[in-house]
Amino acid sequence: MLLRSEYKVKGGKLIKVALEVEGDVIKSAKIYGDFFLYPEDAIEHIEQALKGVRLTSDFEPIIAEAVKKSGAELLGFSVEDLAAAVRLASQSSLR
């Protein structure tokens, strides 16, 4: 099943998330939108960190650890914003 969300960050940035799930487990994640982070490939580290995670998980510490490990600098959005966007997508399965 494919779950999607769009999350507008305070300040105007838009984070879009697409989660491919099987049961209640994320099989793959794609995060995109009109935000910036450096280095650019850090988003791939965050997406990889979400693989195998349950939809009911607390995404914030998982994303925070991936950001820390990748050395990413988030510009115009936060770990909390990313977690909110992923949470929104994960909850779309309940609608």
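Structure: above.
Calculation criteria
Residues numbered from 1 in each chain as written. Predicted model: local features only at pLDDT ≥ 70, side-chain atom pairs only at ≥ 80, totals over all residues. Heavy atoms only, no water. Helix = DSSP H or I, 4+ residues; strand = E, 2+ residues; numbered from the N terminus. Buried < 20%, exposed > 50% of the residue type's maximum accessible area, 1.4 Å probe, protein only. Contact = heavy atoms within 4.5 Å. Expected span 1.5 Å × (residues − 1). Arc of directions from axis to C-beta. Polar contact = N/O pair within 3.5 Å; in protein donor to acceptor, adjacent residues only side chain to side chain.

**Some thoughts on the environment of V21**
Here is step 1 of the chain: Of note, V21 is situated in strand β2 (residues 14–22).
Here is step 2 of the chain: Residue classification places V21 among the buried residues on the basis of a relative accessible area of 4%.
Here is step 3 of the chain: Between the C-alpha atoms of V21 and G52, which are 31 residues apart in sequence, the distance is 9.1 Å.
Here is step 4 of the chain: Residues in contact with V21, not counting those within four places in the same chain, are M1, L3, I26, K27 and L55.

**Re helix α2 (residues 59–70)**
Here is step 1 of the chain: End to end, α2 covers 17 Å across 12 residues, agreeing with the expected 16 Å (1.5 Å per residue, within 8%).
Here is step 2 of the chain: Listed as buried for α2 are F59, I63, A66, V67 and S70. One side of α2 carries all its buried residues, which in axial view fall inside an arc of 100°. Among the exposed residues of α2, those oriented more than 90 degrees off its buried face are K68 and K69.
Here is step 3 of the chain: Among the structural elements, β3 (25–33), α1 (42–50), β5 (73–75) and α3 (79–91) are those in contact with the buried residues of α2.
Here is step 4 of the chain: Two to three positions downstream of the cap, the backbone nitrogen of E60 sits 3.3 Å from a side-chain oxygen, assigning the N-cap of α2 to D58.
Here is step 5 of the chain: Looking at the residues trailing α2, positive phi occurs at G71, about 70°.

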